[in-house]
Amino acid sequence: VSVDEAENPPAFLGCFRDVFVDSHLVLPVKAPEESGVQANMTVGCSDKDKCIESPCQNRGRCVSQGWRRHMCECHRPYEGNNCAEEYITARFGSNDLESYAVFSLDDDPGDSLIISMFLRTRQSSGLLLILANSTSQYLRLWLEDGRVKIQINNFETLVGRSAVSDGHFHLVTLKLERTAATLFQSAQNQGFMPIRHVEVHPGDLVFVGGLPDSRASASFGGYFKGCVQDLRINSKRLQFYPIATPVESYNLQEVIGVAEGCSSDNACAINPCLNGGVCYSMWDDFICNCPPSTAGQRCEEVKWCELSPCPATAVCQPLSQGFECLSNVTFRLESSVLHFHSNGNIKRSLTSISFSFRTRQSAATLLYAQKDSDYLTVYLLNSHLVMELQKDALTVSVQSPGPISDGEWHMVKLSMDNQTLNSKWMMAVDGGKEELSKSSGGDLGFLREGADVFLGGPSLDSGGNLSGCLGPVEIGGLLLPFHLDTELNLPRPQEEQFVRMNSNAAPRFGCWGATVCSPNPCQNEGLCDDLFDLHQCTCSPEWTGPLCKDPADPCISSPCIYGACTNLPSGFKCVCEPGYSGEQCEAEVDICENSNCSHGATCLKGLLSYTCLCPQNLTGQYCELPQLPVATCQGTRWNYNCFNGGNCSEGDNACYCLPGFTGQW
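Residues numbered from 1 in each chain as written. Predicted model: local features only at pLDDT ≥ 70, side-chain atom pairs only at ≥ 80, totals over all residues. Heavy atoms only, no water.

## Quick word on the side chain of Lys 225
With respect to the secondary-structure elements, Lys 225 resides in the loop between helix H2 (214-218) and strand E18 (226-233). In this structure the side chain of Lys 225 is engaged in a polar contact, spanning 3.1 Å, whose partner is the backbone oxygen of Gly 93. A polar contact is formed between the side chain of Lys 225 and the side chain of Asp 96, at a distance of 3.3 Å. The contact partners of Lys 225, leaving out residues within four places of it in the chain, are Arg 91, Phe 92, Gly 93, Ser 94, Asn 95, Asp 96, Thr 121, Gln 123, Asp 265 and Asp 284. (Helix = DSSP H or I, 4+ residues; strand = E, 2+ residues; numbered from the N terminus. Polar contact = N/O pair within 3.5 Å; in protein donor to acceptor, adjacent residues only side chain to side chain. Contact = heavy atoms within 4.5 Å.)

## Notes on the UniProt feature "domain: EGF-like" (unreviewed entry) in the chain
According to UniProt, the "domain: EGF-like" (unreviewed entry) feature falls on residues 47-84, 264-300, 513-549, 551-586 and 588-624. The span residues 513-549 shows a helical share of 0% and a strand share of 27%, and its end C-alpha atoms are spaced 25 Å apart. Helix makes up 0% of residues 551-586 and strand 42%, and the two end C-alpha atoms of the span are 25 Å apart. (UniProt positions renumbered as here; feature names shortened; annotations may be inferred.)

## So, the state of the cysteines
Applying the stated criterion across every chain, the model contains 21 disulfides. Linked covalently through their sulfurs, Cys 74 and Cys 83 form a disulfide whose S-S length is 2.0 Å. An S-S torsion of about -90° defines the bridge between Cys 74 and Cys 83 as left-handed. Cys 83 gets classed as buried once you look at its relative accessible area, which sits at 0%. The disulfide bridge from Cys 597 ends at Cys 612, spanning 1.7 Å between sulfur atoms. For the disulfide bridge between Cys 597 and Cys 612, the dihedral angle about the S-S bond is near -90°, and by the sign convention the bridge is left-handed. Placement of Cys 597 in the loop between strand E51 (587-588) and strand E52 (602-605) and of Cys 612 in strand E53 (residues 610-613) is noted, with a sequence separation of 15 residues between them. A single burial state applies to Cys 597 and to Cys 612, both of which are buried. With no disulfide of its own, Cys 657 lies 6.4 Å from the sulfur of Cys 655, the closest cysteine sulfur. Classification of Cys 657 as partly exposed rests on a relative accessible area of 31%. (Disulfide = S-S within 2.5 Å. Buried < 20%, exposed > 50% of the residue type's maximum accessible area, 1.4 Å probe, protein only.)

## Topic: the pairing of strand E30 (residues 352-359)
Counting buried positions over the eight residues of E30 gives eight, a clear majority of the element. Taking every second residue as pointing to the same face, both faces of E30 are buried, with Ser 352, Ser 354, Ser 356 and Arg 358 on one and Ile 353, Phe 355, Phe 357 and Thr 359 on the other. Examined bridge by bridge, E30 and strand E35 (residues 410-416) share six bridges and lie antiparallel to one another. Residue pairing across strands places Phe 355 opposite Val 412, the latter belonging to E35. As paired strands, E30 and strand E40 (residues 474-475) are joined by two bridges and run antiparallel to one another. Note on E40: the bridge partner recorded for Ser 354 is Glu 474. Sheet topology note: the E30/strand E39 (residues 468-470) ladder contains three bridges and is antiparallel. Paired with Arg 358 across the strands is Cys 469, a residue of E39. (Pairing = 2+ DSSP bridges.)

Now the structure itself:
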């Protein structure tokens, strides 16, 4: 006990009860406040739990320690009686400068070694920590692909499952327990491996963030860039900047380029946002607020087609580094040939040609290109499409299997069978079966080197010989643009291009067939159908022929249902079968409608005639005669009658008939 404490002991904290002086009760007695004889005294003896007042800050846990005493169990990275003090964060690699710290161990950590720290970074690689003695580095921790990687005794290696390079704090813990190593990240197990026992001795060094030799640090991804907080080996701290609360710590021997706190580099200082994007700083990162026409982390992806770069006659097609303006173009025999060159920056291999076309020509040149003795031509011959390539004295030819000059659109793809220098070429029309060339040849590399490329004819001097339409034409995936660069609202930014050369040509954009229906070639009010450079007449029933000028045979359609058809200058006439009538012999005739049956006789219809059923007193074919008397005669074997006024005959079974009647009776 010091002299000061003996002379001025600390004030008593507790309770008194029944204190008498000279038999007088001194305590507990409530004295008037103005008397000044009592201070900080209350009546009673309260044993109130101090933890009720929640004295522990930063989510610390309060533990009662007896009468009116408590202790705070602090969550990392907080320390102190009330967990109010936070371990100071160390910033490594500010502005990408080298930084590291070196600690020395002054005790033997024992058989169990636990290394833990809070880690914050956006870098995917970098050295975290190395334990080394005078002869070797026996424990290494570094970042690789954003994950913590551990190597022990230069042999055993363990890699964490989850990345820590997301810019947030992560608690990383490595436990070495004699023959086993376990890695944790925020209390989640990241992996386990068996190891040889690690021996740690006093005097060993701990390197944090890097090594003094920059080349040695580069073997582990370079110097660490980020923040480290509350670094511990077992229960002892490794403090870059000590806190006020006394804690057990290892000695800091050297610190280079390590700053206090966890500040961020100003990533916007170099203005990383392109194309007018606005940069906003984040911790060791940035975010770009891009204009509506751009995208990507740095606004590097321009949405060119949203800027309407193409004229009204074309459709914009976005590319990875630019755009193209697509359209169709109509060629006629009087049209100018389109001339193209490479811009001199084409680096890719040219191993394919694709285009679409429509025509009714049986022979025409669609594409022709030449440089020195090398040439390429795509043409129609007998309505078949032919591709012919000569390069380095090797000639390749491939032809479509059938005619395709039918006025319909056809999509053609020409490509090398493989990417070798000596390859066959294939032709596919409308996605059908691929036709293979019989011989092999090279690619189209000579088109990169100043070759003349023509569409619609073999050259500028010879003029065009194609009558039809071409859709977009691509060589090696690069468009032969129908529009001049001066006709676009924005220049094409892509590096590799073909460029149209002849500005005096005036191609007709779109696909326009000849005016085959104006004036109307179909006569006699026939309707004309435009089938692209071909017409077809739809004739009225009375006319026929390609132009509806030939009278039609009206009897071809067999208009007479029950009769024979006869051609007339003004149409046809039906000769009806018996029992039928009408213009087309479609009506069955009622044969009794105009019968000659008289005197109320009934008409009985037959197939082609009728019979009259007469009343009892009438007779005749049409019942026009009166009924004559009937004579009854006696014969030798039976009696019989003679009708219609006939008389009995003396001969057996016979009658004498009146004139006009015959028969036995």
